Amino acid sequence: MKLPFFAPPLEFAIERLSIDDADHLPTIHAEHFLRPWSEDEFSSLLDQTPVFGFAAWPVGQRRARPVGFVLARLAAGEAEILTIAVARSHRRLGLGRDLMEAVLRTLHADRAEALFLEVDEMNMPALSLYRRLGFREVGRRPGYYEQPDGPRSAALVMRRDLR
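Everything numeric here is computed off the predicted structure, so don't read it as measured data.

It is worth spelling out the sheet that holds strand β3 (residues 68-75) at this point. Paired through their backbone hydrogen bonds, the strands of a sheet run either parallel or antiparallel. In spatial order, the strands read β1-β2-β3-β4-β5-β7-β6; together these seven strands make up an open sheet with mixed pairing. In this open sheet, the two strands that pair with only one neighbour each are β1 (12-16) and β6 (136-146). With direction set aside, neighbouring strand axes in the sheet form an average angle of 25 degrees. Note that β1 and strand β2 (residues 51-58) share five bridges and pair antiparallel. Note that in β2 the partner of phenylalanine 12 across the bridge is proline 58. Contacts between helix α3 (residues 95-109) and the sheet are confined to β1, β2, β3, β4 (78-86), β5 (114-120) and β7 (152-161), with β2 contributing the most and set at about 145 degrees to the helix. Against the sheet, helix α4 (residues 124-132) touches β4, β5 and β7, its axis set at about 160 degrees to β5.

Calculation criteria
- Residues numbered from 1 in each chain as written.
- Predicted model: local features only at pLDDT ≥ 70, side-chain atom pairs only at ≥ 80, totals over all residues.
- Heavy atoms only, no water.
- Pairing = 2+ DSSP bridges.
- Helix = DSSP H or I, 4+ residues; strand = E, 2+ residues; numbered from the N terminus.
- Axes fitted to C-alpha atoms, helices over the stretch in contact; angles between N-to-C directions.
- Contact = heavy atoms within 4.5 Å.

Given below as structure tokens:
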């Protein structure tokens, strides 16, 4: 009797981003946004003291391209998610949650009071994740996100209290 083949589960390391990682980020960002950020934009952000981020790499492949990342900024006790993206090929593996939890751990250690983010009202997987992580809607920006098929959608402003 032949046993079915089961691939071992993929393991990922979540590590802090540095300015040297900026060249890897535009490719993933372009999968999610109509106007993706350039390597120079990522470098500029990562060079700013209040900006920090994390990326997910397959274990043992730190020199490869990351498969997801998040950038955040902390100032005066309040933080915001600047952007988050997971490669289409690696979705539904829990990487978005792992990346957000890395940010939350950092913010708790830094005694931040709140974390804000904006999300497209049409992005149901992201909305579901953020709600599971304890975010609640506190505002709305109508017509904020341009859609490939023409109509614009609202950005929901969400907040999670950290204290």
